[in-house]
Amino acid sequence: MSKQHFEVIVVGAGFAGLYLAHKLTTQGRTLRVLEQGSDVGGTWYWNRYPGARCDAESLAYSFSFSSELEQTWHWSERYAQQPEILSYARHVADQFQLRPLIQFNTQVTSAIWQELPCHWVIETALGERFTADFCVMATGCLSVPQRPDIPGLETFAGNFYQASQWPHEPVGFEAERVGIIGTGSSGIQAIPVIAASAAHLTVFQRTPNFSVPANNYELDPDWVSEFKQHYPAHRANHRAGNGSGFGDLDILPRSGPVDPVIFNELSEPAATALLEAAWQRGGARFMAVINDTLMNLEANQFVQAFVHKKIRSLVKDPVTAAALCPTTHPIGTRRICVDINYYETYNQDHVRLVNLRETPLVEITPKGIALDKEHIELDTLVIATGFDAMTGALRNMNIQGVGGLALEDAWHAGPRTYLGLMSVGFPNLFMVTGPGSPSVLSNMLVSIEQHVDWIVNCLTKMRADNHRMIRAEEAAQDQWMAHVQMVAEATLFPQGGSWYLGANVPGKPRIFMPYAAGVGAYREACEAVVAKGYRGFEFA
Ligand code: NA7
């Protein structure tokens with residue numbers, strides 16, 4: 001074997017790649033992690049835009065695999081900012097001595113399966129060639145930025161920034177006329193922060209999104225240390241149930257099942273009181289306070305009306321407030337945003353909302369943005385226009401499986417996976433948080449740990465059984481995909497027109513990609529497959 005052969009090649013050194021590197025070395029595997037960026041952190045390496053922070057609470061959005069790590073790392077805020085999360089990823093890499101396993105600044109340009117001698121051949125933009133018995137794609141779900149197809153975008157002569165490819169050097173907006181396109185989570189986080197220093201900010205909004213206040217605060221060290229005494233029980237809660245892997249962040253973890261809160265069983269004042277308490281408490285769990293908000297349109301409309309009322313109370317100008325009220329999708333069917341002073345920002349005199357539904361954007365010019373009846377001059381343009389989510393990185397990598405089958409072709413009508421872990425026709429290639437798993441609907445750290453544990457256990461079993469190849473069976477994949485779609489159709493998600501469905505990328509097949517039954521149900525499904533001798537997988 002050449003020096004460039006490894007048992008496992010991992011693509012990506014975000015949280016999934018880091019945990020894979022740790023687990024696989026602990027098991028004595030030879031591996032190399034190939035990472036496009038110049039440091040670890042994945043999404044938190046790239047997304048450095050002003051105001052970038054996690055919309056999941058720090059104490060839940062963190063690794064659980066090392067008690068020492070979770071006890072010794074100090075999170076400063078309820079919702080950590082990007083630099084703090086990046087420091088955490090770097091700390092994990094250093095603490096567990098993972099850096100020597102990672103090759104940075106390395107973009108994978110192809111991964112090609114060779115039936116004989118049963119390995120993957122991976123090539124990089126630097127012209128290197130690796131072979132590996134197994135390939136694990138830890139490429140993230142939001143790693144391929146989506147550039148909008150707006151006429152003249154390339155002609156803009158001022159400062160230009162894309163949120164997900166933000167420069168590493170400090171960027172200031174003082175005395176500048178800034179424009180921003182995009183009002184998803186990234187835009188909603190960036191807008192208040194940019195507004196704080198820009199001379200003028202124009203927000204170009206095509207579709208308003210629902211946002212709830214973060215109610216962010218500095219964590220009280222005494223509270224944290226008390227919370228940490230119960231960490232194992234909290235983690236167990238995060239992993240279980242039909243939720244998305246967050247649980248409650250009360251000092252004492254929930255014990256035993258909790259009765260569901262069903263909209264039709266609530267009086268109107270009781271439902272309003274629940275929503276008000278959740279609004280005051282802050283955070284995305286606002287969506288879970290009435291449990292059938294994403295299943296029952298009537299419940300959803302009630303929650304929508306509650307948020308519309310909040311927006312109208314927060315935004316002084318009624319025309320701006322009306323434009324900020326989402327009316328085209330049920331709440332939560334596009335990812336709910338979590339903000340700090342987003343709606344309040346529009347009360348500042350130097351901030352203007354342009355509703356592109358009423359005054360369409362005609363083109364971007366060298367000096368600014370031309371609307372149908374007006375030209376707005378800008379010194380700086382920021383775009384926060386989202387990602388080719390969940391499948392972008394995989395489809396762009398020139399992955400070829402059995403008989404030269406291109407992943408792009410296998411997925412021409414949308415991604416097809418068994419459990420989100422493997423895809424038929426691509427033996428020995430695993431995905432972490434792939435389409436068909438809870439993925440972006442879940443606490444990514446919970447899902448990453450579960451997938452990595454599953455994959456590493458599977459490799460251990462293969463070694464013990466002297467197997468060199470694993471592949472997913474077609475019938476099992478068909479059944480799983482049908483199940484994923486059936487679950488999605490039982491919810492309001494398909495009505496969202498969101499990136500969960502691929503609807504934000506022109507020409508992308510519309511298929512609801514994540515598994516919506518929750519992390520607990522999904523974990524049980526994965527464990528049941530193992531208990532039944534890896535049902536639906538074939539070994540050779
Ligand atoms: P999102 O949520 O996909 O938001 C992208 C935004 O960009 C959204 O408001 C889009 O409006 C807007 N957009 C995209 N193309 C255009 C054009 N051509 N003209 C005007 N506006 C446009 O991406 P984010 O980065 O904010 O968030 C992604 C996830 O990252 C987030 O959910 C968290 O999980 C973290 P549209 O809705 O298409 O009308």
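Residues numbered from 1 in each chain as written. Predicted model: local features only at pLDDT ≥ 70, side-chain atom pairs only at ≥ 80, totals over all residues. Heavy atoms only, no water.

Chemist: Would you mind going over the overall build of the chain with me for this structure?
Modeler: Along the backbone of the chain there are 16 helices and 20 strands. For 540 residues, the compact-globule estimate of 2.2 N^0.38 gives 24 Å, and the chain sits close to it at 23 Å. Per-residue burial for the chain yields a buried fraction of 58% across its 540 residues. For the chain, contacts bridging at least 24 residues in sequence account for 71% of all contacts bridging at least 6. With the model as given, the accessible surface of the chain reaches about 22400 Å², and the carbon-plus-sulfur share is 51%. Side-chain charges of the chain comprise 40 positive and 54 negative groups, with the mean position of each set lying 3 Å from the other. (Helix = DSSP H or I, 4+ residues; strand = E, 2+ residues; numbered from the N terminus. Rg over C-alpha atoms; globule rule 2.2 N^0.38 Å. Buried < 20%, exposed > 50% of the residue type's maximum accessible area, 1.4 Å probe, protein only. Contact = heavy atoms within 4.5 Å. Areas by Shrake-Rupley, 256 points an atom, 1.4 Å probe, with all protein chains shown as cover. Lys, Arg positive; Asp, Glu negative; His and termini not counted. Charge placed at Lys NZ, Arg CZ, Asp CG, Glu CD.)

Chemist: Sorry, what's going on with the pattern of salt bridges here?
Modeler: Pairs can form between side chains of opposite charge whenever their charged atoms are close. Scanning the entire structure with this criterion turns up 21 salt bridges. The partner of Lys-23 in a salt bridge is Asp-453, and the shortest N-O contact between them spans 3.2 Å. With a gap of 430 residues between them, Lys-23 in helix α1 (residues 15-26) and Asp-453 in helix α14 (residues 444-464) connect regions that are remote in the sequence. A salt bridge links Asp-478 to Arg-416; its shortest N-O distance comes to 2.9 Å. (Salt bridge = Lys/Arg side-chain N within 4 Å of Asp/Glu carboxyl O.)

Chemist: Explanation requested: the site of the ligand in the structure shown.
Modeler: For the ligand, the set of nearby residues contains 20 residues, the closest of which are Ser-186, Arg-206, Thr-207, Arg-334 and Arg-335. Within the backbone of Gly-184, one N or O atom sits 3.5 Å away from an oxygen atom of the ligand. At 2.6 Å from an oxygen atom of the ligand is found a side-chain nitrogen or oxygen belonging to Ser-186. Within the complex, the protein chains bury 84% of what would otherwise be the 780 Å² of accessible surface of the ligand. Of the residues assigned to the shell around the ligand, the class counts are eight nonpolar, eight polar and four charged. (Near = heavy atom within 4 Å. Polar contact = N/O pair within 3.5 Å; in protein donor to acceptor, adjacent residues only side chain to side chain. Nonpolar A, V, L, I, M, F, W, Y, C, P; charged D, E, K, R; others polar.)

Chemist: What am I meant to see in the packing of aromatic side chains here?
Modeler: In total, this model carries 37 aromatic pairs according to the counting rule given. Here Phe-6 and Phe-130 contribute two aromatic rings whose centre-to-centre distance is 6.2 Å and whose plane-to-plane angle is 45°, an arrangement assigned as tilted. One end of the pair, Phe-6, is in strand β1 (residues 5-11); the other, Phe-130, is in strand β6 (residues 129-137), and 124 residues separate them in sequence. Three or more aromatic residues joined by ring pairs form one cluster here, namely Phe-15, Tyr-19, Trp-44, Tyr-61, Phe-63, Phe-65, Trp-73, Trp-75, Tyr-88 and Phe-96. (Phe/Tyr/Trp six-rings, centres within 6.5 Å; stacked < 30°, edge-to-face > 60°.)

Chemist: Looking at this structure, I do not really get the side chain of Gln-477. What am I missing?
Modeler: Assignment of secondary structure puts Gln-477 in helix α15 (residues 474-489). Accessibility expressed as a relative area gives 4% for Gln-477, which makes it buried. Here Val-424 takes part through its backbone nitrogen, which lies 2.9 Å from a polar atom of the side chain of Gln-477. Apart from residues lying up to four places away in sequence, Gln-477 is in contact with Arg-416, Thr-417, Tyr-418, Met-422, Ser-423 and Val-424.

Chemist: I would appreciate a short explanation of the packing of helix α8 (residues 268-281) against helix α9 (residues 297-314) in the present structure.
Modeler: Two quantities define a packed helix pair, namely the angle between the helix axes and the distance between the axes. At their nearest, the axes of α8 and α9 sit 11 Å apart, and the two run at 55° to each other. In terms of their interaxial angle, α8 and α9 are classed as oblique. Crossing of α8 over α9 shows right-handed handedness. Across from Glu-268, Ala-271, Thr-272, Leu-275, Glu-276, Trp-279 and Gln-280 in α8, the residues of α9 making contact are Phe-302, Val-303, Phe-306, Val-307, Lys-310 and Leu-314. Of the residues belonging to the contact of α8 with α9, the class tally is eight nonpolar, two polar and three charged. (Axes fitted to C-alpha atoms, helices over the stretch in contact; angles between N-to-C directions. Parallel < 35°, antiparallel > 145°, perpendicular 65-115°, else oblique. Left-handed = near helix turned anticlockwise from the far one by under 90°.)

Chemist: Looking at this model, I keep getting lost on helix α4 (residues 82-95). Mind explaining?
Modeler: What sets the pattern is the α-helix's 3.6 residues per turn: residues three or four places apart point alike. Over its 14 residues, α4 extends 20 Å from the first C-alpha to the last, a length consistent with the 20 Å expected when each residue adds 1.5 Å. Listing the buried residues of α4 in full gives Gln-82, Glu-84, Ile-85, Leu-86, Tyr-88, Ala-89, Val-92 and Ala-93. Buried residues in α4 make contact with α1, α2 (43-46) and α3 (67-72). (Expected span 1.5 Å × (residues − 1).)

Chemist: Help me out: how do you make sense of the side chain of Gln-485 in this one?
Modeler: For Gln-485, the position within the fold is in helix α15. Not counting the four nearest positions on each side in its chain, Gln-485 is found in contact with Ile-511 and Phe-512.

Chemist: Mind showing me how you'd approach the state of the cysteines here?
Modeler: What makes a disulfide is a covalent bond joining the sulfur atoms belonging to two cysteines. Using the criterion set out here, one finds zero disulfides in the structure. We note that Cys-54 lacks a disulfide partner, and the nearest cysteine sulfur, in Cys-337, lies 13 Å from it. (Disulfide = S-S within 2.5 Å.)

Chemist: How should I be thinking about the sheet that holds strand β13 (residues 361-365) in this particular structure?
Modeler: Sheet strands associate in pairs through backbone hydrogen bonding, adopting either a parallel or an antiparallel arrangement. Spatially, the three strands line up as an open sheet ordered β13-β14-β15, and their pairing is antiparallel. Edge positions in the sheet fall to β13 and β15 (375-377), since each of these pairs with one other strand and no more. The mean angle between the axes of side-by-side strands here comes to 20°, regardless of whether they run parallel or antiparallel. Relative to β15, strand β14 (residues 368-371) is paired through three bridges, and the arrangement is antiparallel. Among the inter-strand pairings, Gly-368 is bridged to a residue of β15, identified as Glu-377. (Pairing = 2+ DSSP bridges.)

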